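Residue-level structural notes
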Amino acid sequence: MSTTLLALRAPSANRVYTDAAGPLAAAEARWVLGTRFPGAVVHERLLAGHDHLEITADAPREQLLPVVSLLSSTMALYEPVDVPDEPAPLLRPVPLAPVLHHSSDLETTLKYPGKTNEQFTALLINLAASLSENRDRLLDGTLALLDPMCGRGTTLNRALRLGLSPTGADLDRRDTDAYRTFLLAWLRQHRLRHTSEAGRLSLRGASIGTRFRAELAADKETLRAGGGQSVTVLGTDTLALGDLLPDGRTDAIVADLPYGVQHGAHHGASLQRSPLEVLRAAAPVWRRLMRPGAGMALAVNRRTADHAEASALLADAGLQLLSADGAFRHRVDQAIDRDVLLVIRSDHPRADMLRALGAPDPKDSHV
Ligand SMILES: C[S@@+](CC[C@H](N)C(=O)[O-])C[C@H]1O[C@@H](n2cnc3c(N)ncnc32)[C@H](O)[C@@H]1O
């Protein structure tokens, strides 16, 4: 059974994305739909002066609806309805599936230089999840998601809104402290039941940073029964994660890598090494944490991270770069020309199928 939905694209919150927003949204949709519904077709459409994505897949409407509702740019949905005597189908509004939990201020309140755009963060999560064999867990809250360079938690907050229980890590203590302060204030303000603990992070007797964990639920009973959500933040070097987190348990890794330029207020360790040096050191650690069928979406600055070099160093770590050179490329500012690297373990059970999805010309609208 084939279903067509038209997704009205949200106006881009950030004007630098205006030109790139359409192709980016279409590229996201092609991976997200293509990994779930082989043969799905995505077109950009201008209808009544507004930008839409037209998505057709060989799936019942109830299966397509939550997936399209999750796309980072989806603002409203319509389905075409044939009406006698009308020359073209009319569009009937379709309510979005209730895929997001918690209010949007969880993602938007914190503002700081160097924050990853929230809509772009949602796109990264969708892409990483789509590569995972456990992609459907994005919809039932059980996808194991890690941002190993989480900054002040844009990924973690989106993940919480998706109903997940994410883990993050960042080397910069100011970031992890700011996230903890924000989240606890937000939980109190929204009267969510929660418990939290924070302390030093030790490894083999040596202190290597800080840790913070919060558990949250809408009511006391759910929290007590362990049926709520959690968020864990490790204030440490991403290279230490191999000793701190279990091997082979992460479904999706999402990270906005250091740009290798002074972006906003980020100073210190993140700027001392080039982004590809950071990736070369981190890739084997992240691979260990991934399930064989996991997915990874990494945002990189193309001015400091060459595609072929990235591909080679990922291969050295037993990882495979799937996305074509420039498939998600867009300009953020004068110093940042951003792209997304879609990565799997070389032994991913569906590596051949995913490789084929990455192969077509990114401008081609068929998946
Ligand atoms: C582009 S920022 C990520 C911003 C984040 N997505 C947000 O919205 O807040 C890159 C982050 O990588 C962190 N970082 C750089 N090197 C690291 C390392 N070796 N281990 C952990 N974090 C690191 C930096 O501290 C910085 O917060």
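Residues numbered from 1 in each chain as written. Predicted model: local features only at pLDDT ≥ 70, side-chain atom pairs only at ≥ 80, totals over all residues. Heavy atoms only, no water.

Taking an unreviewed UniProt entry as the reference, the protein chain is identified by name as TRM11 family SAM-dependent methyltransferase belonging to Brachybacterium hainanense.

Attention shifts here to the site of the ligand. The ligand sits among 24 residues. The nearest are Y112, T116, T154, D170 and T238. At 3.2 Å, a side-chain N or O of D237 approaches a nitrogen atom of the ligand. The contact in question runs from a nitrogen atom of the ligand to an N or O atom on the backbone of T238, over 2.9 Å. Considering the ligand on its own, with 600 Å² of exposed area, one finds that the protein chains cover 96% of that surface. The class makeup of the residues in the shell around the ligand is 8 nonpolar, 9 polar and 7 charged. (Near = heavy atom within 4 Å. Polar contact = N/O pair within 3.5 Å; in protein donor to acceptor, adjacent residues only side chain to side chain. Areas by Shrake-Rupley, 256 points an atom, 1.4 Å probe, with all protein chains shown as cover. Nonpolar A, V, L, I, M, F, W, Y, C, P; charged D, E, K, R; others polar.)

Spatially, the 5 strands line up as an open sheet ordered 2-3-1-4-5, and their pairing is antiparallel. Bordering the open sheet on either side are strand 2 (41-47) and strand 5 (90-94), each of which pairs with just one other strand. Put simply, the sheet's adjacent strands are angled 35° from each other on average, direction ignored. Summarising the sheet, strand 2 and strand 3 (residues 50-58) pair through 7 bridges and their orientation is antiparallel. Looking across to strand 3, one finds that R45 is bridged to H52. Along the sheet, helix 1 (residues 21-36) makes contact with strand 1 (2-9), strand 2 and strand 3, crossing strand 2 at roughly 150°. (Pairing = 2+ DSSP bridges. Helix = DSSP H or I, 4+ residues; strand = E, 2+ residues; numbered from the N terminus. Axes fitted to C-alpha atoms, helices over the stretch in contact; angles between N-to-C directions. Contact = heavy atoms within 4.5 Å.)

A word on the environment of T176. Within the element layout of this structure, T176 appears in helix 7 (residues 173-189). Given a relative accessible area of 6%, T176 falls into the buried group. Note: C-alpha distance between T176 and N117 (59 residues apart in sequence) is 18 Å. Once residues lying within four places of it in the same chain are set aside, the contact partners of T176 are G151, D170, T210, V233, L234 and G235. Within polar-contact distance, the side chain of T176 engages the backbone oxygen of R173 at 3.1 Å. (Buried < 20%, exposed > 50% of the residue type's maximum accessible area, 1.4 Å probe, protein only.)

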